[in-house]
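The chain contents come next:
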2 protein chains.
Amino acid sequence: MTGKRLAPWRVLGRSLELDGSPRIRVWKEEILLPDGRRIDDFWRVDVPDYAMIAVETEEGQVILERHYRHGVGDVTLTLPAGGIEPGEAPLAAARRELLEETGHKAAQWRALGSYVLGANGRFCTVHLFHATGARKVAEPCSGDLEETEILLVSRKEALAAMRDGRIAVLSCAATLALALLGEG
Amino acid sequence: MTGKRLAPWRVLGRSLELDGSPRIRVWKEEILLPDGRRIDDFWRVDVPDYAMIAVETEEGQVILERHYRHGVGDVTLTLPAGGIEPGEAPLAAARRELLEETGHKAAQWRALGSYVLGANGRFCTVHLFHATGARKVAEPCSGDLEETEILLVSRKEALAAMRDGRIAVLSCAATLALALLGEG
């Protein structure tokens, strides 16, 4: 799958159009395409990278979180996830968020890949993990803004929630699907 | 999975902080949390919704596109996808984009769900489809900015590309994983 040479775009200049650091920055870029055309206003958005985990307990149940998420505008089911601190490795962030949000530690960890959220605007990189053999070692203590309910459900129930819209955020559906697709 | 009552956030006010219509708009919202706390600067980003398709040909091969994507900053493998025109249904957009980008029409279409890209900032809604029984009826003519190479690969090769980073955009990995996970 390494075919013909495809040239990258050249960034001729960029200006910071909105600075809501550290939560968001928006840049306007001036682009030179390989065929010589120019684009004066290609938008790039930077928001913080995060890690997300499909977690299964020792008993084989999937951990879901039920809470209001403002991007969805409704109560929805999500997976444990959270922002990566400066200097923190994605796996370390995933372990920390799992413990903070659910009080669980997991015995096995598998990386499912790191992906860019937006093919054009970039937004951020999300690091996906599959953790198994999880057990509760503490009470949740996330400090997040939302009141959260922790649910333990079967794989079948988690897949049903993914397919009927109760899981409404793309990264949650992606992480769950990649985890349950296995390594085959 | 319908537990205790969880209250939504209230938006007390919002200001348009960046207007790059129709490509991007960024709002700053003033939020009242259910517990009485206030957030003065919750950011919401609006970019256009899009449709994406995991396509399999009549011969059972997966259609991938190889091109430079500026959000990735490199040449990468993606799935057919594109923005939804005003008034257009997501499935209609998916059929149109498949034809424009690859010259293919598909016999069977299955919706894989619609998901919000950002749990906090929203960004957009992506509509995912699985199309099978596709065959080539025309030459590609997408009008996109990138030079694109169309590849036909086995399911196994597509999954390998998803796992080793050649597929680098989250929505592409999500669509492929959801499609290949099947309906079981």
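Residues numbered from 1 in each chain as written. Chains lettered and ligands numbered in written order. Predicted model: local features only at pLDDT ≥ 70, side-chain atom pairs only at ≥ 80, totals over all residues.

So, the relation of the copies chain B and chain A
Move 1: Note on the identical chains: chain B maps onto chain A by a rotation of 180° and an axial translation of 0.0 Å, with an RMSD of 0.0 Å. Seen this way, the second copy is the image of the first under a two-fold rotation axis. Every residue of chain B has its C-alpha some distance from the rotation axis, and the shortest such distance is that of Ala174 of chain B, at 2.2 Å.
Move 2: Of the residues that chain B buries at the interface, 100% are likewise interface residues in chain A, meaning the two copies contact each other through the same surface. (Least-squares fit on C-alpha atoms with pLDDT ≥ 70 in both. Contact = placed C-beta atoms within 7 Å.)

Description of the pairing of strand 9 (residues 108-118) of chain B
Residues and elements named next belong to chain B.
Move 1: Here strand 9 pairs with strand 10 (residues 122-136) via nine bridges, running antiparallel. By the bridge assignment, Tyr115 is partnered in strand 10 with Val126.
Move 2: Two successive antiparallel strands, strand 9 and strand 10, enclose a turn made up of three residues. (Pairing = 2+ DSSP bridges. Helix = DSSP H or I, 4+ residues; strand = E, 2+ residues; numbered from the N terminus.)

What about the domain arrangement of chain A?
Move 1: Taken as a whole, chain A is organised into domain 1 (10-46) and domain 2 (50-181).
Move 2: Relative to domain 2 of chain A, the C-alpha centre of domain 1 of chain A lies at a distance of 31 Å. (Domains from an automatic or database assignment.)

Structural notes on helix 1 (residues 90-102) of chain A
All names here are of chain A.
Move 1: Its 13 residues give helix 1 an end-to-end C-alpha distance of 18 Å, which sits within 8% of 18 Å, the value for a rise of 1.5 Å per residue.
Move 2: Three or more residues of helix 1 are buried, namely Ala93, Ala94, Glu97, Leu98, Glu101 and Thr102. What you see down the axis of helix 1 is that its buried residues fit within an arc of 135°, all on one side.
Move 3: Gly103, located one to two residues past helix 1, shows a positive phi value of around 75°. (Expected span 1.5 Å × (residues − 1). Buried ≥ 20, exposed ≤ 12 C-beta atoms within 10 Å, placed from the backbone. Arc of directions from axis to C-beta.)

Thoughts on the packing of helix 3 (residues 170-181) of chain A against helix 3 (residues 170-181) of chain B
Move 1: Running from amino to carboxyl end, helix 3 of chain A crosses helix 3 of chain B at an angle of 50°, the nearest separation of the two axes being 8 Å. Looking at the two axes, helix 3 of chain A sits oblique to helix 3 of chain B. In the packing of helix 3 of chain A onto helix 3 of chain B, the handedness of the crossing is left-handed. Of the residues in helix 3 of chain B, those touching helix 3 of chain A at Leu170, Ser171, Ala173, Ala174, Ala177, Leu178, Leu180 and Leu181 of chain A are Leu170, Ser171, Ala173, Ala174, Ala177, Leu178, Leu180 and Leu181 of chain B.
Move 2: Taken together, the residues that form the contact of helix 3 of chain A with helix 3 of chain B break down as 14 nonpolar, two polar and no charged. (Axes fitted to C-alpha atoms, helices over the stretch in contact; angles between N-to-C directions. Parallel < 35°, antiparallel > 145°, perpendicular 65-115°, else oblique. Left-handed = near helix turned anticlockwise from the far one by under 90°. Nonpolar A, V, L, I, M, F, W, Y, C, P; charged D, E, K, R; others polar.)

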